[in-house]
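# What the coordinates show
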Amino acid sequence: GRLPVDSARSVKLPPDFKIDTPLGSYNPDWAVTGGDNGAPAIHLVSESKSDFGKLREDEEAKIRCGMAHFETLGVDFVKAVNAEDIVLRLVGASD
């Protein structure tokens with residue numbers, strides 16, 4: 001099931017939260033956390049940009065690597081232009 005939005009907490013990931021990729025390290029922007037059966041859990045990780053169409057090729061490739069990393073862990077990943085993109089993913093309205 002999806003995490004109830006009222007129990008979700010968004011956190012800005014610190015600069016030292018890095019994912020190793022073949023192209024160098026990648027630092028996603030946000031995570032959405034919340035309790036899951038009494039245990040803390042990360043439910044979603046997000047990269048936020050105002051315009052994903054203007055990314056350099058290496059930036060886009062690192063984001064794709066980050067997506068694959070979190071998908072392997074069973075954690076949703078969303079490229080967000082605004083907070084609504086994240087909320088829609090949390091409530092299951094966007095895939």
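Look a little higher up for the structure.
This report concerns the structure included in the present document. All figures in this text were calculated on a predicted structure; none of them were measured in a lab. All residue numbers refer to position in the chain's written sequence, counted from 1. Per-residue local features are limited, in this predicted model, to residues with pLDDT of at least 70; the limit for side-chain atom pairs, both in listing and counting, is 80 or more; totals at the level of whole chains, interfaces and linings are taken over all residues. With hydrogens and water set aside, each side-chain value is computed from the structure's full complement of heavy atoms.

### Looking at the overall build of the chain
- The helix count covers DSSP runs of H or I at least four residues long, the strand count covers runs of E at least two residues long, and both are numbered beginning at the N terminus. Looking only at helices and strands, the chain has two helices and six strands in total.
- Reading the chain from its N terminus to its C terminus gives the helix and strand order β-β-β-β-β-α-β-α.
- Residue exposure (1.4 Å probe, protein chains only): buried if accessible area is under 20% of the type maximum, exposed if over 50%, otherwise partly exposed. Scored against the burial criterion, the 95 residues of the chain give a buried share of 31%.
- Of the accessible surface of the chain, which amounts to about 5900 Å², a share of 52% is contributed by carbon and sulfur atoms. In short, Shrake-Rupley with a 1.4 Å probe defines the accessible areas, and a residue's cover is counted only from the protein chains shown.

### Overview of helix H1 (residues 57-72)
- To estimate the expected span of a helix, subtract one from its residue number and multiply by 1.5 Å. Given a rise of 1.5 Å per residue, 16 residues ought to cover 22 Å, and the 23 Å separating the end C-alpha atoms of H1 matches this to within 8%.
- Within the span of H1, buried status applies to Glu-60, Ala-61, Ile-63, Gly-66 and Phe-70.
- Phi turns positive one or two residues past the end of H1, at Gly-74, with a value near 80°.

### Side note on the packing of aromatic side chains
- By convention, a stacked pair of Phe, Tyr or Trp rings (six-membered ring in the case of Trp) has centres within 6.5 Å and planes under 30 degrees apart, an edge-to-face pair has planes over 60 apart, and any other such pair is tilted. Counted under the stated rule, the structure contains one aromatic pair.
- With a centroid separation of 6.2 Å and 25° between ring planes, the pair formed by Phe-70 and Phe-77 is classed as stacked. Residue Phe-70 shares its accessibility class with Phe-77, and that shared class is buried.
- In our convention, an over-ring charge means Lys NZ or Arg CZ found within 6 Å of a ring centre and within 35 degrees of that ring's normal. One Lys or Arg, Lys-12, reaches over the ring of Trp-30 and ends 5.6 Å from the middle of that ring.

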